[in-house]
Structure formats: C-alpha cells, structure tokens
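In case you want the letters, here they are:
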Amino acid sequence: MVEPQTPVAPHPDIAPLAPLLGTWRGPGHGEYPTIEPFDYVEEIKFGHLGRPFLTYRQRTRSADGSRPMHAETGYLRCPQPDRVELILAHPTGITEICEGALSVTDGEVHMELDSTSIGRSSTAKLVTALGRSIRLSGNTIDYTLRMAAVGQDFQHHLAATLHRA
C-alpha cells in the first residue's frame, strides 16, 4: 500500500510558471497542407513534485469526443527568470526540446518557444522544426503550434483556447 504524500510547495525556480499548475480544457483547430483541417478537444495537466520543473501531460480527442487523437508527456523548466524549456515525448516516435523566452507581466505569462532538438525513431514522420506560443491570462491559456514536417515549410499547425478546469 502506498502512503499518501503531503502536498509540497512548488520549487522557487518555477515560481514564474506556478500559475500554470492545474488542469486546462478546451477546443482547438488544426490544419496543415498534407491533411484535412480538423477540430479537437484538449486537456493539459501541469503538476509538480517540489523539484525545479513542472510535469506536463497533454491529451486530445476528436471534437465530438469519440476518438483519441494525440498525446504528449514531459516537463517544463525555468532555468532563468526569463527563459523556459519544454522537453516532450510523443507516442508517434518524436521527442522535442524547445527553448525560449518567458515573460510575466501583470499576471500574464507568455512563452515563445522554438525547437532546439527533435529526435525521431526510424518509423516516425519527418519533423524538422517546431515552435509554440503560449499565453496564460487569468483562467485562459491560448496557444499556437508551428511545424515544419514531411517536406513542408515552417508554418501554422494548431491553435487552441483552454480554460482552467
């Protein structure tokens, strides 16, 4: 039997990211030249273990909720007050490391991230660049994802608006 653990305070190094803690849900829309446009619903959970990172778990389903679509799992780190790192694994055989600017102004958290490393298994689709813009304002997260993949130039792929659950 596992003993219940006492809640622990977030590590001081992730203080700028603490407003992200919790569960977020909402609709999104995707498009790319090689696929038909699509709508989806998403859930993201940011947690912590008292260490200098947030845990990140993302899941999407089709807009009608009938089928799973995508998932990502990883960590969000804040190595400096104005820098952020996102380290992710995708079940499609892709790993992603994005780094970029972090700003916190009047309670609004804004991150601009670009991939510094993309790993892929031998069967994964060719993805050569990823970028994410994430903005938290109040109880709403807006994000966009840009991608270069399968011979296409770097361009918009996803956008979603999530609300605190």
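Residues numbered from 1 in each chain as written. Predicted model: local features only at pLDDT ≥ 70, side-chain atom pairs only at ≥ 80, totals over all residues. Heavy atoms only, no water.

(A) Structural detail: the pattern of salt bridges. This structure, assessed with the given rule, holds nine salt bridges. Glutamate 43 serves as the salt-bridge partner of arginine 25, at 2.5 Å between the closest nitrogen and oxygen. Placement of arginine 25 in strand β1 (residues 22–32) and of glutamate 43 in strand β2 (residues 35–48) is noted, with a sequence separation of 18 residues between them. Note that arginine 146 is salt-bridged to aspartate 114, the shortest N-O span being 3.8 Å. (Salt bridge = Lys/Arg side-chain N within 4 Å of Asp/Glu carboxyl O. Helix = DSSP H or I, 4+ residues; strand = E, 2+ residues; numbered from the N terminus.)

(B) View of the nonpolar core. In this structure, Leu17, Leu20, Phe46, Leu76, Met111 and Ile141 are the most contacted members of the largest nonpolar core, which totals 34 residues. Looking at which element gives the most residues to this core, the answer is strand β9 (residues 140–149), with five residues. Setting aside chain neighbours within four positions, we find methionine 111 in contact with Leu17, Leu20, Leu76, Val84, Ala101, Leu102, Arg132, Ser133 and Ile134. (Core = buried A, V, L, I, M, F, W, Y, C linked by side-chain atoms within 4.5 Å. Buried < 20%, exposed > 50% of the residue type's maximum accessible area, 1.4 Å probe, protein only. Contact = heavy atoms within 4.5 Å.)

(C) Examining the environment of cysteine 98 more closely. Along the chain, the position of cysteine 98 falls in strand β6 (residues 94–105). By relative accessible area, which is 0% here, cysteine 98 ends up buried. Ignoring anything within four residues of it in the chain, the contact list for cysteine 98 reads Val84, Glu85, Leu86, Leu113, Asp114, Ser115, Thr116 and Leu130.

(D) The sheet that holds strand β8 (residues 127–137), seen in detail. The strand order β1-β2-β3-β4-β5-β6-β7-β8-β9-β10 describes a closed barrel built from ten strands, whose pairing is antiparallel. In this sheet, adjacent strand axes meet at a mean angle of 25 degrees when their direction is disregarded. Across nine bridges, the pairing between β2 and strand β3 (residues 53–62) is antiparallel. Directly across from glutamate 43, in β3, lies its bridge partner arginine 59. (Pairing = 2+ DSSP bridges. Axes fitted to C-alpha atoms, helices over the stretch in contact; angles between N-to-C directions.)

(E) Structural context of the packing of aromatic side chains. For the coordinates displayed, the defined rule picks out three aromatic pairs. When the ring of phenylalanine 53 is compared with that of tyrosine 75, the centres are 5.3 Å apart and the planes differ by 85 degrees; the resulting orientation is edge-to-face. One end of the pair, phenylalanine 53, is in strand β3; the other, tyrosine 75, is in strand β4 (residues 68–80), with 22 residues separating them in the sequence. (Phe/Tyr/Trp six-rings, centres within 6.5 Å; stacked < 30°, edge-to-face > 60°.)

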